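Listed here are the chains, written in short residue letters.
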Amino acid sequence: MIKDIQNKLKNKEITCTDLAQSYLNKIKDNQDLNCFISLSENVLNEAKKIDEKIQKNEELKPLDGIFIAVKDNILVKGMYCTAASKMLEDYIAAYDATVINKLKDAGAIIIGKTNMDEFAMGSSNETSAFGKVLNPINKECVPGGSSGGSACAINKELSTIALGSDTAGSIRQPACFCGVVGFKPSYGSVSRYGLISMSSSLDQIGPITSSVEDSEIIFNIIKGIDQNDSTTSEVKDLNLKNKITIGLPKEYFQDLDDDVKEFMDQAITELKNQGFDLKEISLPHTKYALPCYDIIMPAEVSSNLSRYDNIRYGTHFDKLTKDISINDLDDVYLKIRGEKLGKEVKRRILLGMFILSAGYYDAYYTKAQKVRQILINEFENIFKDVDFILTPTTPTKAFRFNEKQDPVKMYQSDILTVSANLTGLPAISLPVHTSDLPVGIQIIGQRFEDLNLLSIAKQIEKICTTSN
Ligand code: GLN
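Here's a quick rundown of the structure. (Residues numbered from 1 in each chain as written. Predicted model: local features only at pLDDT ≥ 70, side-chain atom pairs only at ≥ 80, totals over all residues. Heavy atoms only, no water.)

Here we look at the site of the ligand
Right, so step 1: Surveying the vicinity of the ligand reveals 14 residues, the closest of which are Ser 123, Thr 167, Ala 168, Ser 170 and Tyr 293.
Right, so step 2: Ala 120 has a polar backbone atom sitting 2.9 Å from a nitrogen atom of the ligand.
Right, so step 3: Isolated, the ligand exposes 290 Å² of accessible area, and the fraction of that covered by the protein chains is 99%.
Right, so step 4: Taken together, the residues of the shell around the ligand break down into five nonpolar, six polar and three charged. (Near = heavy atom within 4 Å. Polar contact = N/O pair within 3.5 Å; in protein donor to acceptor, adjacent residues only side chain to side chain. Areas by Shrake-Rupley, 256 points an atom, 1.4 Å probe, with all protein chains shown as cover. Nonpolar A, V, L, I, M, F, W, Y, C, P; charged D, E, K, R; others polar.)

So, unusual backbone geometry
Right, so step 1: With an omega dihedral of 10 degrees, the bond running from Gly 145 to Ser 146 counts as a cis peptide bond.
Right, so step 2: The phi angle at Lys 12 is positive, at roughly 60 degrees, despite the residue not being glycine.
Right, so step 3: Within the secondary structure layout, Lys 12 lies in the loop between helix 1 (2-10) and helix 2 (16-29).
Right, so step 4: Taking relative accessible area as the criterion, Lys 12 reaches 43% and is therefore assigned partly exposed.
Right, so step 5: Not every positive phi belongs to a glycine, and Glu 157 is a case in point at roughly 55 degrees. (Helix = DSSP H or I, 4+ residues; strand = E, 2+ residues; numbered from the N terminus. Buried < 20%, exposed > 50% of the residue type's maximum accessible area, 1.4 Å probe, protein only.)

Overview of the packing of aromatic side chains
Right, so step 1: Following the criterion strictly, the structure yields nine aromatic pairs and no others.
Right, so step 2: Note on Phe 177 and Phe 399: the rings are 5.7 Å apart at their centroids and 90 degrees apart in plane angle, and the pair reads as edge-to-face. Residue Phe 177 is located in helix 6 (residues 172-178), and its partner Phe 399 is located in the loop between strand 9 (388-392) and helix 13 (407-411); the two are separated by 222 residues in the primary sequence. Per residue, the accessibility class of Phe 177 equals that of Phe 399, and both read buried.
Right, so step 3: By way of ring pairs, the aromatic residues Phe 354, Tyr 360 and Tyr 364 are connected into one cluster.
Right, so step 4: The ring of Phe 401 has Lys 132 sitting right over it, with the charged end atom 4.4 Å from the ring centre.
Right, so step 5: Its end group placed over the ring of Phe 399, Lys 404 keeps NZ or CZ at 4.6 Å from the ring centre. (Phe/Tyr/Trp six-rings, centres within 6.5 Å; stacked < 30°, edge-to-face > 60°. Lys NZ or Arg CZ within 6 Å of the ring centre and 35° of its normal.)

Considering the side chain of Thr 82
Right, so step 1: Position of Thr 82 among the secondary structure elements: in the loop between strand 2 (67-71) and helix 4 (98-105).
Right, so step 2: With residues up to four places along the chain from it excluded, the contact list for Thr 82 reads Ile 37, Asp 72, Leu 88, Glu 89 and Phe 130. (Contact = heavy atoms within 4.5 Å.)

Remarks on the nonpolar core
Soluble globular proteins tend to pack their nonpolar side chains together in the buried interior.
Right, so step 1: Counting residues in each nonpolar core, the largest one holds 114 residues, and the members touching the most others are Leu 63, Phe 67, Leu 163, Leu 390, Ile 428, Ile 443 and Ile 460.
Right, so step 2: Among the elements that take part in this core, helix 15 (residues 450-464) stands out by supplying eight residues, more than any other.
Right, so step 3: Excluding its chain neighbours within four sequence positions, the residues that come into contact with Ile 428 are Arg 172, Val 181, Gly 182, Phe 183, Val 212, Ile 441, Gln 442, Ile 443, Leu 453, Leu 454 and Ala 457.
Right, so step 4: The next biggest cluster of nonpolar side chains, apart from the first, holds 36 residues, and it includes Met 87, Ala 93, Val 345 and Val 418. (Core = buried A, V, L, I, M, F, W, Y, C linked by side-chain atoms within 4.5 Å.)

So this is what it looks like as structure tokens:
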């Protein structure tokens, strides 16, 4: 954890170089988990600089000596950024994402780029062009997706902290499956500049950590207005009431696996015993959230991914292997996109093009936008009665590889997380450790009240997660 590590560094109980070396050794020992797509070459040099600073008794910056694993769809200048796609396999980022700039300014050392589902499309890491990540607790199971590499790395302590991105649950669901904390901030609270876009009105960068405190430290560093992302805003100040009411939406407790239900019931009882005011609520439009996402997301995906044609990004088409013969412009698009993009990505591009085509636009896209507004209103209204909403993060624990071959079944994984993206609300997943695979508790807060959410999450973490 960030504070422990910094204290040990300051008290000279450990050196930053030893810490770096131990992370690098552990990454090597756990190579079979396939968490990283590339590693930074500067880790030991950067660590040495921190040790020199400590030797000179210079004051440490908030993240000096802290190592960070970055999902491979966030740009780090000079490092590969593949989005786990063959399309970008030799793309090297020309600039730092805003979050990376801020983390570097605070002293953080980038350790490597983590594996993920291709272009962040997936819930199991099985769509990565560089092989799947394994679940660190049970290697026959998926780590979740799309930020599976980051979540697995935190579970195995291959880095101090990690970054992920979340469009429908890609931070929270893998955090849940790997037994760590995953926080999706309010839409607009953290800049998306330098994040490879999937669905721009839903994407959000956030931390994956071993404690809520670490997520809070990272959030306070990466949040804020950025002139390179016009959707950014300041978050509200911490302003937590004395008496907190937490809503339990009945629609989120249906169709849960027995063991998820059992651990949720236990957590709810413990919270009641600690004096929390919990009450059942209803969010009746929940059943439309996933269908609404399944229209808006592919529509945005199809336009965002149109830029990948191996002319501007990726290996230029004239440097490609002889296997692809290019005769005219159509070949550039059909053959290269056909070959370099994975099946799931192509499925979504085709679906998106269909949704946005003349004659269908209003029937699908416009209608989905209306449903999205209804969901936003529904959450706004419920927050007149309750301060936070508590739900399971996922209806099941981590599932087995190849278990969800049918894409529609795979899409169901996001059923409890997707509403927070459609409504722009902040949401966090806290781990409940069980004798086998973990369960996740999700807490959803009000827009731009991220600091209140993190504060209540710290209280709930103490009650529900440490004793298990
Ligand atoms: N499972 C979601 C999807 O495949 C996750 C997307 C995300 O949050 N990046 O669309």
